[in-house]
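Here's the letter readout for the chains.
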Amino acid sequence: MIQRLIVHFLKWKSRISVASIPLVGAFIIALCLSFLFAACTANNDSNTTPVSVNNPTANKASVIRIGYQKSAILLKSKGLLEKRLQPEGVSVEWIEFPAGPQLLEAMNVGSIDFGNVGESPPIFAQAAGAAITYVAGISPSPAGSAILVLKDSAIKRVNDLKGKKVAFQKGSSAHYMLVQILEKYGLQYSDIKPTYLTPADARAAFVRGSIDAWAIWDPFYAAAEQSVNARKLIDGTGINKQGGYYLASQNFAAQQTEIIKAVLEEIQKLEIWSTQNREEVAATLSPILGIDLETMRKSTNRRTFGITPITQELITLQQEVANKFYKLNLIPKQIDVREAMLTPEQYAAFSPKS
């Protein structure tokens, strides 16, 4: 009951403009909630459990609670995890979030066990003290994110963004893409007017003309191109060097190795299938997301499917993300991303073979 109340609280909070509630502040609220309900929550010791995947006393969970975003709804729609885990007596619960930051807030307070986000949300989460663990990487899709302007906008090049309002979800992959693009074209982050909005709120502001540009990812990106008179200013091609990550709560990663292994194997199978069946992917997602088929094809064709193991290269890239956000004073302290990572031997316990 307590966890359901927390989920409802997070969904209610996500409708509030994040321009008025900084992300780190939101995490503090979430942390307070977790302490308040500690006596009633099964995951109340998640902030103190050492990262380990060799806990012989752990009991297999009877359910895995997965947080997802619209961009990752195919796994849910196919029902593959349910089929794989049902014989093991494990059920699957799905909870939708508007973006990665809200998903990791829920993970931190013990409302979900597993989910995938872009490269930025884990940095903000870790800086706020969240007990999360990286379990696998996601292949990058640089052409699937972009900065959009209206077709009749006077903004024709990146340098025209100086002094303009640019909307994006704070702490999201679009946030880091924007930072990288500004840097590449010789602009400072302080040269723009950041407007922190969820994808739905940003779309509404974009249509109204109350913002000048919008940094966003697919399928929102493709839908905006198709239906709200949007024009791509620049996408992430040549800029985005990494994708996102699958993460688990620290407790879940420590105690449920076999479940994580099964989940990652099914994800990998689906990614391989999706690469070979893009038309069917688009046809499946179109009615679920309420996006016309042609737009869904565009989004699907821009995507690179696949999951990757956590390598030293990914760790280095992720540390660069953390360093950049700290340098911009967007997180309150310097962090070491390795504190949320496992050892190569531990990853070998559940990482699917390529």
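Residues numbered from 1 in each chain as written. Predicted model: local features only at pLDDT ≥ 70, side-chain atom pairs only at ≥ 80, totals over all residues. Heavy atoms only, no water.

Section: the overall build of the protein chain
Short version of the rule: Put simply, DSSP marks the helices as runs of H or I at least four residues long and the strands as runs of E at least two long, and each gets a number from the N terminus on. Throughout, exposure labels follow a simple rule: accessible area from a 1.4 Å probe, protein chains only, divided by the maximum for the residue type, with under 20% read as buried, over 50% as exposed, and the rest as partly exposed. Residue contacts follow a heavy-atom distance rule, with two residues in contact if any of their heavy atoms lie within 4.5 Å.
A count of helices and strands for the protein chain gives 15 helices and eleven strands. For the protein chain, the proportion of its 354 residues judged to be buried stands at 57%. Considering only residue pairs separated by 6 or more positions, the protein chain has 80% of its internal contacts joining residues 24 or more positions apart.

Let's talk about the packing of aromatic side chains
Going by this rule: A pair of aromatic rings is counted whenever rings of Phe, Tyr or Trp (Trp by its six-membered ring) have centres within 6.5 Å, and the orientation is called stacked for planes under 30 degrees apart, edge-to-face for over 60 and tilted otherwise. For a ring to carry a charge above it, either NZ of a lysine or CZ of an arginine must fall within 6 Å of the ring centroid while also lying within 35 degrees of the normal to the ring plane.
The final tally for this structure, using the stated rule, is nine aromatic pairs. Relative to Y245, the ring of Y134 lies with its centre 4.9 Å away and its plane at 85°, an arrangement referred to as edge-to-face. Pair noted here: Y134 is in strand β4 (residues 132–138) and Y245 is in strand β10 (residues 245–249), with a separation of 111 residues, a long-range link. Assigned by exposure class, Y134 and Y245 land together as buried. Seen in terms of ring centroids, Y347 and F350 are 6.0 Å apart; in terms of plane orientation they differ by 85°. Their pairing is edge-to-face. Here a set of aromatic residues connected by ring pairs shows up, and it is made of F124, Y176 and F325. One Lys or Arg, R302, reaches over the ring of Y221 and ends 3.7 Å from the middle of that ring.

Here we look at the sheet that holds strand β1 (residues 63–68)
Sheet strands pair by backbone hydrogen bonding; their relative direction is either parallel or antiparallel. Selection criterion: For two strands to be treated as a pair, DSSP must find no fewer than two bridges joining them. Axis definition: a line fit to C-alpha positions, over the contact stretch in the case of helices; interaxial angles, taken between N-to-C directions, run 0 to 180 degrees.
One open sheet accounts for six strands, arranged β2-β1-β3-β10-β4-β11; its pairing is mixed. With one partner strand each, in any of the chains shown, β2 (91–96) and β11 (307–308) form the two edges of the open sheet. Bridge analysis of β1 against β2 gives six bridges, and the strand direction is parallel. Looking at β2, one finds that V63 is bridged to S91. Contacting β1, β3 (114–117), β4 and β10, helix α5 (residues 100–108) crosses the sheet at an angle of about 155° to β3.

Section: the nonpolar core
Cut-off, in case you're wondering: Among buried residues, those of type Ala, Val, Leu, Ile, Met, Phe, Trp, Tyr and Cys that are joined through side-chain atoms within 4.5 Å constitute a nonpolar core.
Grouped together as the largest cluster of nonpolar side chains are 108 residues, with contacts concentrated most on I64, F114, I147, L161 and W214. Leave out the neighbours within four places in its chain, and F114 touches I64, R65, I66, G67, M107, V135, Y246, L247, A248, V263, L264 and I267.

Considerations on the environment of T343
Structurally, the position occupied by T343 is in the loop between α14 (312–327) and α15 (344–348). Among the residues examined, T343 registers a relative accessible area of 33% and is labelled partly exposed. Considering only alpha carbons, one finds T343 and I310, 33 residues apart in sequence, at a separation of 9.5 Å.

Brief notes about the pattern of salt bridges
Our working definition: A side-chain nitrogen of Lys or Arg and a carboxyl oxygen of Asp or Glu constitute a salt bridge if their distance falls within 4 Å.
Inspection of the entire model under this criterion finds 17 salt bridges. E266 is the salt-bridge partner of K269, the closest N and O atoms lying 3.3 Å from each other. Here E266 and K269 lie together in helix α11 (residues 257–276), a separation of three residues that amounts to about one turn. For E266, a relative accessible area of 8% gives the class buried. The closest approach of N and O atoms between E279 and R297, which form a salt bridge, is 2.9 Å. Of the two residues, E279 sits in helix α12 (residues 278–289) while R297 sits in helix α13 (residues 293–301), which places them 18 residues apart along the sequence. Note on E279: relative accessible area 42%, which makes it partly exposed. With a relative accessible area of 25%, R297 lands in the partly exposed category. Each member of the salt-bridge network shares a partner with another, and the members are R84, K261, E265, E266 and K269.

Some points on unusual backbone geometry
Look at the link from D218 to P219: it is a cis peptide, with omega at 5°. When you line up the elements, P219 lands in the loop between β8 (213–217) and α9 (220–227). With a phi close to 60°, N229 is a non-glycine residue in the positive phi region. With respect to the helices and strands, the residue N229 is situated in the loop between α9 and β9 (230–235). Even without glycine at this site, N329 takes up a positive phi of about 60°. With respect to the secondary-structure elements, N329 resides in the loop between α14 and α15.

Quick look at the pairing of strand β6 (residues 165–168)
Note the following rule: Seen with the strands pointing away from the viewer, any crossover whose path from the first strand over the helix to the second strand runs clockwise is right-handed.
Relative to strand β7 (residues 193–196), β6 is paired through four bridges, and the arrangement is parallel. Bridge pairing in β7 places F168 opposite Y196. Running through helix α7 (residues 173–184), the crossover from β6 to the neighbouring parallel element β7 is right-handed.

A word on the sheet that holds β6
Strand order in the open sheet formed by five strands is β7-β6-β8-β5-β9, and the pairing between neighbours is mixed. Only two strands of the sheet have a single neighbouring strand rather than two, namely β7 and β9. Across the sheet, the axes of successive neighbouring strands diverge by a mean angle of 30°, strand direction being ignored. Across the sheet, helix α8 (residues 199–208) lies against β5 (145–150), β6, β8 and β9, angled at about 145° from β8, the strand it touches most. Seen against the sheet, α9 touches β5, β8 and β9 and runs at an angle of roughly 130° to β8.

Coordinates in, geometry out; function isn't part of it.
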